[in-house]
Amino acid sequence: MSYLMIDQVTKRYQQQTVLNKISLSLRQGEFATLLGQSGCGKSTLLRSIAGLVDIDEGAIHVDGKNITNMEPRNREIGMVFQSYALFPNMTVFDNIAFGLKMKKKKNIKNRVQRMIEMMDLIGKEDSYPHQLSGGQQQRVALARSLILEPKVLLLDEPLSALDAKIRRNLQLELKKIQREFQITTIFVTHDQEEAMTMSDTIYIMNEGSIVQSGIPSEIYTSPVNSFVAKFIGNYNVLQMDQFQKMIQTEELAIEGQEVAIRPEVIDLVEITADVSNIEEKWIVQGTVQDVSMIGNVIRYEMNVNGILVKVDYLHSHEHFFKQGENLHLIIPKSECIVF
Amino acid sequence: MKFNKIFHKTVLVVLVIYLLLPLAATLIFSIAGKWDHTLLPESITFKWYGELFSDERFYQALLRSLFLILVTVAISNIIMLPTIFIVAVYFRRFERILQAVAMLPYGIPPIVGAVGLIKVYSSGPLQISGTPWLLVGAYFVITMPYMYQGIRNSLQTINAQELVSAAELLGATKFQAFQKIVVPNILSGIFVSTLLSIALLFGEFVLANLLVGGRFETIQIYLYQKLNKSGHTASAIVITYYVIILLLTWIILELKKRPMQFQSVFGKRKQLILVGEKTEGFLKGEHK
């Protein structure tokens, strides 16, 4: 039995369909990510779960209860906004206590104090949001939601405004907190790497629909179409005629129109090396057109019969080819995905 | 570089002199005794102030003005605040209309407005012509641009929509979100708008004179009457109510400091200066 169930949810703005019959379900404690480019409808979906956007069709159930037409404040759903939306006129303590006060709960002081300890915010009780660092602000925003023990936690790109290093730390922290609280979470991001590292399940959205869903490794290794392939990794996506021109083969022609090959599955060997015993792989000749360094990865742009192909290598000295070098490319047949 | 600095300073000094000179002259004239053929008065006397402060009519007029202003500003806040908030957050498409409406008072000359108001409210179901209530209504209209701009600008500096959403998800109703989150965060804007309105209304003469005149003598009408009798007394009135506005401004800004620790003191100083200049402007206009 799924804990959060979204069933055929549709939302239109005038003539434009922003969400097109979206269905998805999460089990309790699951961390799911909605991944897509800006404008794909992921934030709208998040907001309709929160009740901030009214949906035109479909239903949303949480823990067996239909919340489709409920006011946001009765839904028992927590949300962390991209901007965190901390109340600037209130201290950290009051921000965290706000929900409990609104719900007229008892024992507010102790509960807030406990939450402040759990979130490592001791000493910041009387600070105002603008006096906190990005990480502290995020923890306050999380604490403010979590203290109400929501059934579902929604995270709307909470890390997108931060720089890379802080971002990585906060990803880990967020994941840790999510595990600690065992809270069912939907995370929205446009960053595929972030989605990969954090999620149990990824839902890839495009133009108001879910294109593919699955565990991160599955999505990464077997994209269902060229959109996912281009979005999720740095796949080489080639039209069939380009592919044929490159490999000089008709083998895959009947299977589809496009071929996707991950840059890291292609091997490069020197032209003098013996390649006669290799099976189940295509071997073609190409020239290094460009070399770029992406931290621990070196990316070669290879020109093969006039077609450009990306090849990624881990940064180590034994494989270092120079621009203009002539090489063999070894492409495993099983790694070529045809759409 | 150096020349630039000197130039900037010169401009600033000239501006300050330009703004303060009429005020200084008024102040001197209000305490001048015999002043015929010298640059500065030959003697100094406080008898004009003495006369003024022993005149019952002066206090009456001052109270009437304060009453009008407070009622107007209160109504203005009660109506404009939620309206601007609702339009800015939930009905974006009406924002232009609201803006146009709020700017309308600039386009209507006070005399034309006053004559129209008298005509409309002399007959029909609402016969309030000649009463202070008509003046309150008219004052509400002329303060609208100030209220609108100030409140809307400060609404734009906070992400009102997101804050309300966040509050709602934490269990607040929309009204609670407005009252506990939005209003405290735009207090500075509300204060500035209110102060500008107060300063504007203190100096308002045309509408008051045409709509109620002697039947409800405000400070400006009192000043006008005195102007014909004694320039010294008139000067004393101007200085007195300038001091009152200054005090009022200072009190409100001091009050404001408490719930708004998160704003820098510098921000408040700037607003004080802004209001001060505005007030001077009105005073000067009135003094001609």
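Residues numbered from 1 in each chain as written. Chains lettered and ligands numbered in written order. Predicted model: local features only at pLDDT ≥ 70, side-chain atom pairs only at ≥ 80, totals over all residues. Heavy atoms only, no water.

Explain the overall build of chain A to me, using residue names and the numbers behind them.
Along the backbone of chain A there are nine helices and 18 strands. In terms of its C-alpha atoms, chain A occupies a principal-axis envelope of roughly 80 × 45 × 35 Å. Expressed as a percentage of its 339 residues, the buried residues of chain A come to 52%. The contacts in chain A between residues at least 6 apart in sequence include a share of 65% that link residues at least 24 apart. Taken as a whole, chain A presents about 16,200 Å² of accessible surface, with 44% of it coming from carbon and sulfur. Averaging the locations of the 35 positively and 42 negatively charged side chains of chain A gives two centres separated by 12 Å. (Helix = DSSP H or I, 4+ residues; strand = E, 2+ residues; numbered from the N terminus. Buried < 20%, exposed > 50% of the residue type's maximum accessible area, 1.4 Å probe, protein only. Contact = heavy atoms within 4.5 Å. Areas by Shrake-Rupley, 256 points an atom, 1.4 Å probe, with all protein chains shown as cover. Lys, Arg positive; Asp, Glu negative; His and termini not counted. Charge placed at Lys NZ, Arg CZ, Asp CG, Glu CD.)

Account for the environment of Thr68 of chain A, naming residues and giving values.
Residue and element names in this part refer to chain A. Along the chain, Thr68 turns up in the loop between β5 (65–66) and β6 (77–80). For the pair formed by Thr68 and Ile55, sequence separation is 13 residues and the distance between their alpha carbons is 8.1 Å. Apart from residues lying up to four places away in sequence, Thr68 is in contact with Ile55, Gly58, Ala59, Ile60 and Arg75.

Quick one: what's the story with the interface of chain A and chain B, residue by residue and with numbers?
Contacts between the two partners involve 26 residues from chain A and, on the opposite side, 19 residues from chain B. On the chain A side of the interface with chain B, the three residues burying the most area are Arg73, Asn89 and Met102 of chain A, jointly 29% of the side's total. Connecting chain A to chain B are one salt bridge. Taking the shortest distance from any N to any O, the salt bridge between Glu162 of chain B and Arg47 of chain A comes out at 3.1 Å. Between chain A and chain B we count four residue pairs in polar contact (both at pLDDT 80 or more) in total. Elements with a minimum of two residues in the side of chain A that touches chain B: α1 (42–50), β6, α2 (92–102) and α4 (134–146) of chain A. Partitioning the side of chain A that touches chain B into residue classes produces 15 nonpolar, six polar and five charged. (Buried area = accessible area lost by both parts, 1.4 Å probe. Salt bridge = Lys/Arg side-chain N within 4 Å of Asp/Glu carboxyl O. Polar contact = N/O pair within 3.5 Å; in protein donor to acceptor, adjacent residues only side chain to side chain. Nonpolar A, V, L, I, M, F, W, Y, C, P; charged D, E, K, R; others polar.)

Please provide a residue-by-residue account of helix α4 (residues 95–107) of chain B, values included.
Residues and elements named next belong to chain B. For α4, with 13 residues, the first-to-last C-alpha span of 19 Å sits near the 18 Å given by 1.5 Å per residue. Those residues of α4 lying buried are Glu95, Leu98, Ala102 and Pro105. Each element contacted by the buried residues of α4 is listed here: α3 (56–89) and α6 (132–157). (Expected span 1.5 Å × (residues − 1).)

Summarise the pairing of strand β16 (residues 307–314) of chain A; cite the residues concerned and give the values.
The side chains of a regular strand alternate between the sheet's two faces. Residue and element names in this part refer to chain A. As paired elements, strand β15 (residues 297–304) and β16 share eight bridges and run antiparallel to each other. Across the sheet, the residue bridging to Glu301 is Lys310, located in β16. Between β15 and β16, which follow one another and run antiparallel, lie two residues, and Asn305 among them has a positive phi close to 50 degrees. (Pairing = 2+ DSSP bridges.)

Requested: an account of the sheet that holds β5 of chain A, with residues and values cited.
All names here are of chain A. Ordered in space as β2-β1-β4-β5, the four strands form an open sheet in which the pairing is antiparallel. Of all the strands in the sheet, just β2 (16–26) and β5 have a single pairing partner and so form its edges. Packing against the sheet, α1 makes contact with β1 (4–13), β2 and β4 (57–62), and its axis sits at approximately 65 degrees to β2. (Axes fitted to C-alpha atoms, helices over the stretch in contact; angles between N-to-C directions.)

Help me get a handle on the packing of α3 of chain B against helix α9 (residues 187–202) of chain B, residues and values and all.
Residue and element names in this part refer to chain B. In contact at an axis separation of 10 Å, α3 and α9 are set at 145 degrees when each is read in the N-to-C sense. Along this stretch, α3 crosses α9, giving a crossing that reads as right-handed. Contacts from Leu62, Leu66, Ile69, Thr72, Val73, Asn77 and Leu81 in α3 reach Ile190, Thr194, Ser197, Ile198, Leu201 and Phe202 in α9. Of the residues assigned to the contact of α3 with α9, the class counts are nine nonpolar, four polar and no charged. (Left-handed = near helix turned anticlockwise from the far one by under 90°.)

Explain the sheet that holds strand β14 (residues 281–294) of chain A to me, using residue names and the numbers behind them.
Residue and element names in this part refer to chain A. The antiparallel open sheet is built from five strands, whose spatial order is β13-β17-β14-β15-β16. Each having just a single partner strand, β13 (267–270) and β16 make up the two edges of the open sheet. Averaged over neighbouring strand pairs, the angle between their axes works out to 45 degrees when direction is ignored. Pairing analysis gives four bridges linking β13 to strand β17 (residues 326–332), with the strands arranged antiparallel. Looking at β17, one finds that Leu268 is bridged to Leu329.

Which residues make up the side chain of Arg144 of chain A, and what values go with them?
Looking at the secondary structure, you find Arg144 of chain A in helix α4. Despite its burial, Arg144 of chain A pairs with no opposite charge, the nearest such side chain being Glu162 of chain B at 8.8 Å. A polar atom in the side chain of Arg144 of chain A sits 3.0 Å from the backbone oxygen of Ala85 of chain A. Those residues in contact with Arg144 of chain A that lie beyond four places of it in its chain are Tyr84, Ala85, Leu86, Phe87, Asn95 and Ile96 of chain A together with Ala166 and Leu170 of chain B.

An account of α4 of chain A is requested, with residue identities and associated values reported.
Between its first and last C-alpha atoms α4 of chain A spans 18 Å; for 13 residues at 1.5 Å apiece the expected length is 18 Å, and the two agree. For α4 of chain A, the tally of buried residues reaches 12 of 13 residues, placing the bulk of the element in the interior. Those residues of α4 of chain A that are buried are in contact with β6, α2, α3 (108–118), β7 (152–156) and α5 (164–181) of chain A together with α7 (160–169) of chain B.

Residues and numbers for the packing of α3 of chain B against helix α11 (residues 219–229) of chain B, please.
Axis separation between α3 of chain B and α11 of chain B bottoms out at 8 Å; the angle between their running directions is 145 degrees. Across from Arg57, Phe58, Ala61, Leu62 and Ser65 of chain B in α3 of chain B, the residues of α11 of chain B making contact are Ile219, Tyr222, Gln225 and Lys229 of chain B.

Could you give an account of the pattern of salt bridges, with specific residues and numbers?
Residue and element names in this part refer to chain A. Tallying each qualifying case throughout the model produces 19 salt bridges over all chains. A salt bridge links Glu57 to Arg12; the shortest N-O distance between them is 2.9 Å. Here Glu57 is found in strand β4, whereas its partner Arg12 is found in strand β1, with 45 residues between them in sequence. Judged by its relative accessible area of 34%, Glu57 falls in the partly exposed class.

Before we move on, can you summarise a nonpolar patch on the surface with the specific residues and values?
A cluster of nonpolar residues, Ile86, Tyr90, Phe91, Phe94, Ile97 and Val101 of chain B, forms a patch on the protein surface that exposes about 490 Å² of accessible area. Looking at the element boundaries, Phe94 of chain B is found in the loop between α3 and α4. (Patch = residues over 30% accessible without salt bridge, like charges linked within 9 Å, V, L, I, M, F, W, Y side chains within 5 Å.)

So, the environment of Gln239 of chain A: which residues are in play, and what are the values?
Residue and element names in this part refer to chain A. Within the secondary structure, Gln239 is located in strand β11 (residues 236–239). Separated by 21 residues in the primary sequence, Gln239 and Ala260 place their C-alpha atoms 8.9 Å from one another. Dropping the residues within four chain positions of it, Gln239 is found in contact with Gln257 and Glu258.

Explain the packing of aromatic side chains to me, and be specific about the residues and the numbers.
Residue and element names in this part refer to chain B. The final tally for this structure, using the stated rule, is 18 aromatic pairs over all chains. Ring geometry for Tyr49 versus Phe53: centroids 6.1 Å apart, planes at 40 degrees, classification tilted. Here Tyr49 and its partner Phe53 are both found in helix α2 (residues 47–53), four residues apart, which amounts to about one turn of the helix. The buried category is assigned to Tyr49, whose relative accessible area is 12%. (Phe/Tyr/Trp six-rings, centres within 6.5 Å; stacked < 30°, edge-to-face > 60°.)

Break down the confidence of the model for chain A for me, citing the residues and quoting the values.
Should the pLDDT be low somewhere, the predicted coordinates at that spot are not to be read in detail. Taken residue by residue, chain A gives an average pLDDT of 90. The fraction at 70 or more is 99%. The least confident element of chain A is α5 of chain A, whose mean pLDDT is 86; the most confident is α2 of chain A, at 95. (pLDDT = per-residue confidence, 0-100.)

Please provide a residue-by-residue account of the side chain of Glu204 of chain B, values included.
All names here are of chain B. Relative to the helices and strands, Glu204 resides in the loop between α9 and α10 (206–211). Put simply, Glu204 is tucked away with no salt bridge, and the nearest opposite charge, on Arg215, sits 13 Å away. Polar side-chain contacts of Glu204 include one of 3.1 Å to the backbone nitrogen of Ala208.

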